[in-house]
Every structure is written in structure tokens, then in C-alpha cells.
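# An overview of the molecular structure
Here are the chains, one letter per residue:
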Amino acid sequence: DAGVIQSPRHEVTEMGQEVTLRCKPISGHNSLFWYRQTMMRGLELLIYFNNNVPIDDSGMPEDRFSAKMPNASFSTLKIQPSEPRDSAVYFCASSFGQGADKNIQYFGAGTRLSVL
Amino acid sequence: SQKIEQNSEALNIQEGKTATLTCNYTNYSPAYLQWYRQDPGRGPVFLLLIRENEKEKRKERLKVTFDTTLKQSLFHITASQPADSATYLCALSYSSASKIIFGSGTRLSIRP
């Protein structure tokens, strides 16, 4: 398996523009997680899905952020409109979602977002 | 809310020595505690998981301990090598189906 695949790897945009980040989880995994990582705040959970259903979105910072998982093999994280403070590395991770060892998360390589 | 503290932002030790990283948490003990490694420009990679009823777990040169009385986990790398240089994150979860909460990480540097 190729692992969790994220695209794009880098995104540079101007303030006010819409940004869409994409994630393909590992086949067979039924939980998907979106994280944001910055030097100041570390790795923060934004939202996670079980079986394509959003379970906890309490980490989503504002209404400008939205996430969808239309099927088991694809998820998007959208920021509209983007702001400079959204600049960070965004990670997607997936897991089996049940049982102790299945709680282990597998991360993608991340998308480095810069909002100018 | 649960708070996780990793002992220091950075730790520098000499090659061949044992590196010991600390993870402390507040409030109630998690069901599972995990350690991940993160290299620059990459996502975290899972290393070890220990359950609340386990005292110790080993994998090659890695050892994790879990003390629910002290609310602490220790992560040891024996015979450390420069290739072990990375940021190490501890993470807690309270059930097998719940989200996990990450600490801020400790940046470990092994000098030759």
C-alpha cells in the first residue's frame, strides 16, 4: 500500500482565496483524521471521521474551515476565505479505528500551506 | 481538559548513551499511550503502544514504561545513534475508538 496520500504537498495562496486540501487514506481504514501543526501550538486535531461520518469537529477553528468525506477513499479540508494565520502544515491520518492496535494512526506527508 | 507535557523541547546526548524522554499527563489515566517519531518535513510515524495495564514494552533498542501512579511514561533509546535524531511525540487515547491527543514533542539530537 502507498500509505496515506495528501495533495498538494505545498500550497501558496493569497489572503481571501479558497484552499482545498486532499487526502486518500489507506485502503481498509475506517477512521480519518485532519491535523494542523505549527511551532507555537504543536499538532492539533481539527476533525475526525468514522466510516465517513464526522464524529468530532470541535477542533475546527472557525466557520471558514470545513471538511468532507464523500466516500471511504477520499476526504477534503477546505478553508474559505484563507487568512495568513492559517499558514501551517496540515496532516491527514487514518486508522482502523477499533481495538487497541487499530488505534494507531498512519500519517500522510502533509501539506505545507502558506497564506500571503 | 487533559494536559500532556513532554519534559523538554530539546535533548542533546552523545552517541552510544541511553536517551530518556518523559511524558507527563494530568487528570485520569489513558487506556493507551503511544510514541511517535517525526522527522523534518514528514508526518509522525508510530513506534510503540502501551496499555494502561502494562508496565513496560520493548522493541529492539526502544523501551517504553507506563506508570499510572506517577501519571508518566518514559521512552528510552539504548545505544543511541545519530540516525535516532528526530522529534518524538507522545500521544494518549482513552478508548480504542477515540481520538488521540498529542504532546508537543521533544527534539532529540544525538551527536557523534
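Residues numbered from 1 in each chain as written. Chains lettered and ligands numbered in written order. Predicted model: local features only at pLDDT ≥ 70, side-chain atom pairs only at ≥ 80, totals over all residues. Heavy atoms only, no water.

## Here we look at the interface of chain B and chain A
Heads up, the condition is: Whether two residues touch is decided by their heavy atoms; if any such pair falls within 4.5 Å, the residues are in contact. Salt bridges are identified by distance alone: a Lys or Arg side-chain nitrogen within 4 Å of an Asp or Glu carboxyl oxygen. N or O atoms closer than or at 3.5 Å make up a polar contact, with two conditions inside protein: a donor-capable atom paired with an acceptor-capable one, and, for residues adjacent in sequence, both atoms drawn from side chains. Strands are runs of DSSP state E lasting at least 2 residues, helices are runs of H or I lasting at least 4, and numbering of each runs from the N terminus. Residue classes follow a fixed rule: Ala, Val, Leu, Ile, Met, Phe, Trp, Tyr, Cys and Pro count as nonpolar, while Asp, Glu, Lys and Arg count as charged, and any other residue, Gly among them, counts as polar.
Counting from both sides, the interface comprises 20 residues of chain B and, opposite them, 22 residues of chain A. There are one salt bridge connecting chain B and chain A. Across the pair Lys99(B) and Asp56(A) runs a salt bridge whose closest N-O atoms are separated by 2.9 Å. Connecting chain B to chain A are three residue pairs in polar contact (both at pLDDT 80 or more). With four residues, the top contributor of residues to the side of chain B that touches chain A is strand S4 (residues 32-38) of chain B. In terms of residue class, the side of chain B that touches chain A is made up of nine nonpolar, eight polar and three charged.

## Concerning the state of the cysteines
Working definition of a disulfide: a covalent bond connecting the sulfur atoms of two cysteines. Stated formally: Note on terminology: disulfide denotes any pair of cysteine sulfur atoms within 2.5 Å. Throughout this description, buried means an accessible area under 20% of the type-specific maximum (1.4 Å probe, protein chains only), exposed means over 50%, and partly exposed covers the range between.
Enumeration over the complete set of coordinates arrives at two disulfides over all chains. Disulfide partner of Cys23(A): Cys92(A), at an S-S distance of 1.9 Å. With the S-S dihedral at roughly -70°, the linkage between Cys23(A) and Cys92(A) falls on the left-handed side. Linking Cys23(A) in strand S3 (residues 19-24) with Cys92(A) in strand S9 (residues 88-95), this pair joins segments that are 69 residues apart in sequence. Residue Cys23(A) shares its accessibility class with Cys92(A), and that shared class is buried. Disulfide partner of Cys23(B): Cys90(B), at an S-S distance of 2.0 Å.

## A closer look at the nonpolar core
Going by this rule: What we call a nonpolar core is a set of buried Ala, Val, Leu, Ile, Met, Phe, Trp, Tyr and Cys residues that are connected through their side-chain atoms within 4.5 Å.
By size, the foremost hydrophobic cluster in this structure holds 23 residues, and its most contacted members are Leu21(B), Trp35(B), Phe75(B), Ile77(B), Tyr88(B) and Leu108(B). Contributing elements (two or more residues each) for this core: strand S2 (10-14), strand S3 (19-25), S4, strand S5 (45-51), strand S7 (62-67), strand S8 (72-77), strand S9 (86-93) and strand S11 (106-111) of chain B. With residues up to four places along the chain from it excluded, the contact list for Ile77(B) reads Lys17(B), Thr18(B), Ala19(B), Arg61(B), Leu62(B), Asp84(B), Tyr88(B) and Leu108(B). Listed in part, the 21 residues of the second largest apolar core include Cys23(A), Ile26(A), Leu46(A) and Phe65(A).

## Quick notes on the pattern of salt bridges
Between side chains of opposite charge, a pair can form when the charged atoms approach closely. Under the criterion given, the structure shown has 15 salt bridges over all chains. Across the pair Glu62(A) and Arg85(A) runs a salt bridge whose closest N-O atoms are separated by 2.8 Å. Here Arg85(A) lies in the loop between strand S8 (74-79) and S9 and Glu62(A) lies in the loop between strand S6 (53-56) and strand S7 (65-71), a separation of 23 residues in the sequence. Assessed through its relative accessible area of 26%, Glu62(A) is described here as partly exposed. Notably, a salt bridge pairs Arg37(B) with Asp39(B), separated by 3.1 Å at the nearest N-O pair. For Arg37(B), a relative accessible area of 19% corresponds to the buried category. Judged by relative accessible area, Asp39(B) falls into the partly exposed class, the value being 24%.

Keep in mind these values describe shape, not function.
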